[in-house]
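Structure assessment
Single-letter residue listing:
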Amino acid sequence: MAKEKESSFKRSDGRKLNEMRPMIAKVGIIPNADGSAMFTFGNTIAIAAVYGPRKLHPQHMQNPQKAVLRCNYDLLSFSVSDRKKPGPSRRSQEISKVTEWALSPALDLNSFPNTVVDVQIYILQADAGTRTAGINAASLALAHAGIPMRDLICSVAVGKLDKNLVVDLTKEEEDFEEGEGATDFAMAKIANSDEFTLMQLDGKIQPEVINEVTKLATEACKQIYEVQKKALKDVVESNGGKK
Ligand code: CDP
């Protein structure tokens, strides 16, 4: 019975439960940055620019063992329908922090002591999934900047709408209120590895469905990885290997 109910569930935009929104990735969009990229999930558009490694000031913030990764996420005022007050907020500080944590395990920063790698992430248009789109863009921008990495980081949100697990929620889906309502589970993982670097749950989820959630995220991340890889190949081919 439960299975029948699951399969009859219709998403508001007609997607299958495990279907992601169309993705676009482009690398090398900001010439003055050391690395840059854009990543979109449907109507959510994120861009990321990497500056560094460069000497970190003030000196007391330096780490003599490795570079410091400093991420700054900003949802721009006109990216949402109700104009957002410009400037930092608790939400943007939290997302900047979790973005650093999601990206760090893939990076090898040991070759750059006393320096900082700055990652600026701007959300130009938001329809949910902005932290995950931002992480995908940032991962590409770091690779483009030539920062040594174990692999790319891929990120997606898995959600639960009433009792149905779905991938890559829109804002309309995040606001779903029927039955048990909506749960949003932002995840990131190292591509070609089972290592998750972000699991951020907003709402409630039963422990017995976590395996299914990670399976859906893993499948989605494979698709994200292919889009990211193609974007990196395209920039190398179009510039003859140069940035
Ligand atoms: O964007 P993400 O799903 O990572 O984070 P969220 O905090 O769950 O925000 C969900 C969505 O709410 C955003 O993507 C925006 O579409 C919307 N939002 C908004 O309209 N105004 C804000 N000040 C913050 C978020």
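Report follows, based on the coordinates. In this text the structure is predicted, and so the values were computed from the model without any measurement. (Residues numbered from 1 in each chain as written. Predicted model: local features only at pLDDT ≥ 70, side-chain atom pairs only at ≥ 80, totals over all residues. Heavy atoms only, no water.)

**Describing the overall build of the protein**
Counting its secondary structure elements, the protein contains five helices and nine strands. N-terminal to C-terminal, the α/β element order of the protein is α-β-β-β-β-α-β-α-β-β-α-β-β-α. Over its C-alpha atoms the protein spans a radius of gyration of 18 Å, differing by no more than 12% from the 18 Å that the globule rule assigns to 243 residues. When the 243 residues of the protein are sorted by exposure, 49% land in the buried category. Contacts in the protein between residues at least 24 apart in sequence constitute 68% of all its contacts with a sequence separation of at least 6. (Helix = DSSP H or I, 4+ residues; strand = E, 2+ residues; numbered from the N terminus. Rg over C-alpha atoms; globule rule 2.2 N^0.38 Å. Buried < 20%, exposed > 50% of the residue type's maximum accessible area, 1.4 Å probe, protein only. Contact = heavy atoms within 4.5 Å.)

**Focus: the nonpolar core**
In this structure, Leu69, Val117, Val119 and Leu142 are the most contacted members of the largest nonpolar core, which totals 60 residues. Per-element accounting of this core gives the leading share, ten residues, to helix 5 (residues 210-238). Phe9, Leu161, Leu169 and Phe176 belong to the second-largest nonpolar core, a separate cluster that totals five residues. (Core = buried A, V, L, I, M, F, W, Y, C linked by side-chain atoms within 4.5 Å.)

**Some remarks on helix 3 (residues 130-144)**
For helix 3, which comprises 15 residues, the first-to-last C-alpha distance of 21 Å matches the rise-based estimate of 21 Å (1.5 Å per residue) to within 8%. Of all the 15 residues making up helix 3, 14 are buried; the element is thus mostly covered by neighbouring parts of the structure. (Expected span 1.5 Å × (residues − 1).)

**Some points on the pairing of strand 6 (residues 153-161)**
Within strand 6, nine of the nine residues are buried, which leaves the element mostly enclosed by the surrounding structure. Of the two faces of strand 6, both are covered, the one formed by Ile153, Ser155, Ala157, Gly159 and Leu161 as well as the one formed by Cys154, Val156, Val158 and Lys160. In this structure, strand 6 lies alongside strand 8 (residues 182-190), joined through nine bridges in antiparallel fashion. When the bridges of strand 8 are listed, Ser155 appears paired with Ala188. Pairing analysis gives four bridges linking strand 6 to strand 7 (residues 164-167), with the strands arranged antiparallel. Across the sheet, Lys160 pairs through a bridge with Leu165, a residue of strand 7. (Pairing = 2+ DSSP bridges.)

**A look at the layout of surface pockets**
The computed volume of the largest pocket comes to approximately 560 Å³. Forming the walls of the largest pocket are 24 residues, and the residues nearest its centre are Arg91, Ala128, Arg131, Lys171 and Glu174. For the lining of the largest pocket, the secondary structure elements donating two or more residues are helix 2 (90-103), helix 3, helix 4 (171-174), strand 8 and strand 9 (196-202). Considering every element that reaches the lining of the largest pocket, the biggest residue donor is strand 8, with four residues. Within the lining of the largest pocket, the residues separate by chemical class into nine nonpolar, seven polar and eight charged. (1 Å grid on protein atoms, 1.4 Å probe; cavity = no way out; pocket = protein on both sides within 12 Å on 5 of 7 lines; lining within 4 Å. Points joined across faces, edges and corners; volume = space filled by probe spheres on them. Nonpolar A, V, L, I, M, F, W, Y, C, P; charged D, E, K, R; others polar.)

**Section: the side chain of Thr44**
Within the secondary structure, Thr44 is located in strand 3 (residues 44-55). Judged by relative accessible area, which is 0%, Thr44 ranks as buried. Excluding anything up to four places from it in sequence, Thr44 contacts Arg21, Phe39, Gln125, Ala126, Asp127, Ala128, Gly129, Thr130 and Ala133.

**Some details on the site of the ligand**
Inspection of the region around the ligand gives 13 residues, with Arg91, Ala128, Gly129, Thr130 and Arg131 positioned closest. Residue Arg91 places a side-chain N or O atom 2.8 Å away from an oxygen atom belonging to the ligand. Protein contacts shield 77% of the accessible area of the ligand, which totals 510 Å² for the unbound molecule. With respect to the detected pockets, the ligand is housed in the largest pocket. Taken together, the residues of the shell around the ligand sort by class into four nonpolar, two polar and seven charged. (Near = heavy atom within 4 Å. Polar contact = N/O pair within 3.5 Å; in protein donor to acceptor, adjacent residues only side chain to side chain. Areas by Shrake-Rupley, 256 points an atom, 1.4 Å probe, with all protein chains shown as cover. Sits in = over half its atoms within 2 Å of the grid points.)

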